[in-house]
Amino acid sequence: MPKPYRWFAPLPFRTQVQLLVGALVAATLLVQGAYLNHRQSQIISEQIGLRALGVARTVAQMPALVAAFDSPDPAALIQPLAERIRLETGARYVVVGDHRGIRLAHPLPERLGLPMVGGDNDRALLGGESYISEAEGSLGEAIRGKAPVRDTDGNIIGIVSVGFMLEKVDLDIDNHLALGWSLIGLMVLLGLAGAWWLAQHLKRVILGLEPHEIARLVMEKDAILQSIHEGIVAVNREGQITLLNQAARRFLDLPPQVAAVGRPVQELVPNSRMREVLSSGERQFDQEMWVGNHPVVVNRVPIIHEGRVEGAVATFRSRQEIRELSLALNAVNRDRDTLRVQAHEFSNKLYTISGLLQLNKPQQALALINQETAREQARLATVLEQIADPLVGGILLGKLADAEQQGVQLDIVEHSALHTPLSPGGQQALLSVLGNLLNNAVDAALHSREGNPRVRLFFTDLGEQLLFEVEDNGPGVEPALLEQIFQDGFTTKAGQHRGIGLALVRQLCLEHGGDVSLEDGDLGGACFIVTLAKASVTARREE
């Protein structure tokens, strides 16, 4: 299903970093500032309460105040004393009451003799406690410190209440917190500036790419490295593997479940010589070595950043595949030379025909033309009659010409027939099977003891299988080697990197429901018999 249309464009990475980091810094500072300011306001309130309580206790223990309670008019002595203390301490009020809570001192003289307001005097008058309370009195809501007044015998004879108005306390707290909030605001601005700088720096580090572009590049790089036919091993400057693609795993015969990243390269490739590249920083090209059981050609290149070796990369490809490609190229060159020789011979025949015509002997020229034409047409007609598939017919015509050029007589048995329509996979299988068997037969026939090299080919598609017989008059195969000739890498020919053709033939036969076997041929050499299931190579017809 197609993805729904997005009505908004995604924000650039730099903007995302700025918003994210800036929001985190601002949120952190604001939360921390709010907590600290709240705690500071609590401390200020507590300190003011302790201050009020301290003043109340001090006033309650003054001898002059205690003695004034025994006078005929306590208020006349206590009121001036309380007012002097209020002015000196900066309290909003210093109220003194008797044991019934009747005011003996108050900032407003007209309220003397009236009961104290707030309803929070019992703890002092009845329990004898000194404490801090927050209540609304006659002058408004205040933080109050209360302490009992005791006579010389310890009896409670009155109460002292010292208050600081909450409105004034809140104003003092706001004045103290203003500076804190200013500093927090400045820190938020600095945090936003840092977020902007960090976003700019990250953008430069990642080469101006967006995260989705980086992810796409990483996935593309991984897909490319894993699909490359060459093996790739990358290490860091400590010699630990950072990359090992699938081709390298195949070379090392390393199962997919075995982890390789992070392991020292010497554990998996003891003779890799990557340490030399890391220490010297020099490149090494086209070095031959063995990786596991495979001969390879290796290139090693250091990874240098700012003049320092940060790692190394080794790429290796199969030496056997390179040589097989070289052999295939040599075969192409040989075919080219064969065609050049044929063209040369054809030119000679054309010159002969031209000479006969110049000598006014048209009958002889015509006879020569008919002779060459009849031979080629007979060969072409034989192939066309016996083989329906053009690709198979083409390779047989080519092999006939190649065998003739090498002096080998290649015969197709008269009653051979292959009229089954082939699928593309069946065509490729037959081309490979016939090509390898005929090449081996021609090479073997060239070593015939009779001196008349011959190869004979028979094929039929009767029944449920395709049957091919390739026979030569070469020296044959020794009985002791019958179990080995179809093994990969085994060969009786001189030279290296052979022993692939027969193993490939057997593999293709098994993949297509058939098999290959070896018998003694009527010509005195080897006779290879190949069977392929007709159903596996036949083209399916549309219903």
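For the structure, check the block above.
Every value quoted in this text rests on a predicted model; they were computed, and no experiment measured them. (Residues numbered from 1 in each chain as written. Predicted model: local features only at pLDDT ≥ 70, side-chain atom pairs only at ≥ 80, totals over all residues. Heavy atoms only, no water.)

Q: Would you take a moment to explain the sheet that holds strand 13 (residues 465-472) for this structure?
A: Pairing between sheet strands relies on hydrogen bonds along the backbone, with the strands arranged either parallel or antiparallel. Within the open sheet, the five strands sit side by side as 11-12-13-15-14. Their pairing is mixed. Looking at strand neighbours, the two that pair on one side only are strand 11 (409-412) and strand 14 (515-520), the edges of this open sheet. Adjacent strand axes in the sheet meet at a mean angle of 15°, parallel and antiparallel pairs treated alike. Summarising the sheet, strand 12 (residues 454-460) and strand 13 pair through six bridges and their orientation is antiparallel. Bridge pairing in strand 13 places V455 opposite D472. (Pairing = 2+ DSSP bridges. Helix = DSSP H or I, 4+ residues; strand = E, 2+ residues; numbered from the N terminus. Axes fitted to C-alpha atoms, helices over the stretch in contact; angles between N-to-C directions.)

Q: Can you walk me through the pattern of salt bridges in this structure?
A: Oppositely charged side chains are able to pair whenever their charged atoms sit close together. Counting across every chain of the model gives 10 salt bridges. R86 is paired through a salt bridge with E83; the nearest N and O atoms lie 2.9 Å apart. Taken together, the residues R86 and E83, both in helix 3 (residues 74-89) and three residues apart, mark about one turn of the helix. R237 serves as the salt-bridge partner of E310, at 3.3 Å between the closest nitrogen and oxygen. Linking E310 in strand 10 (residues 308-318) with R237 in the loop between strand 6 (231-236) and strand 7 (241-244), this pair joins segments that are 73 residues apart in sequence. (Salt bridge = Lys/Arg side-chain N within 4 Å of Asp/Glu carboxyl O.)

Q: Even after reading the chapter, I still don't get the pairing of strand 9 (residues 294-305), so can you show me in this structure?
A: One face of the sheet, then the other: side chains in a regular strand alternate in exactly this way. Direction of pairing for strand 8 (residues 284-291) relative to strand 9: antiparallel, over a ladder of six bridges. When the bridges of strand 9 are listed, E288 appears paired with V297. Once strand 8 ends, the chain turns through two residues before running back antiparallel as strand 9, passing G292 with a positive phi of about 65°. Two elements, strand 9 and strand 10, share 10 bridges in a ladder whose sense is antiparallel. Bridge assignment links V301 to a residue of strand 10, and that residue is V313. Hairpin remark: strand 9 followed by strand 10, antiparallel, with two residues in the connecting loop; positive phi at E306, about 55°.

Q: Quick question: what am I supposed to make of the packing of helix 12 (residues 390-405) against helix 13 (residues 424-445) here?
A: Helix-helix packing is characterised by the crossing angle of the two axes and by the distance between the axes. Axis separation between helix 12 and helix 13 bottoms out at 10 Å; the angle between their running directions is 15°. In terms of axis orientation, helix 12 runs roughly parallel to helix 13. The element helix 12 and its partner helix 13 pack so that their crossing is right-handed. Contacts between helix 12 and helix 13 pair L391, V392, I395, L396, K399 and A403 from the former with Q427, L430, L431, L434, G435, L438, N439 and V442 from the latter. (Parallel < 35°, antiparallel > 145°, perpendicular 65-115°, else oblique. Left-handed = near helix turned anticlockwise from the far one by under 90°. Contact = heavy atoms within 4.5 Å.)

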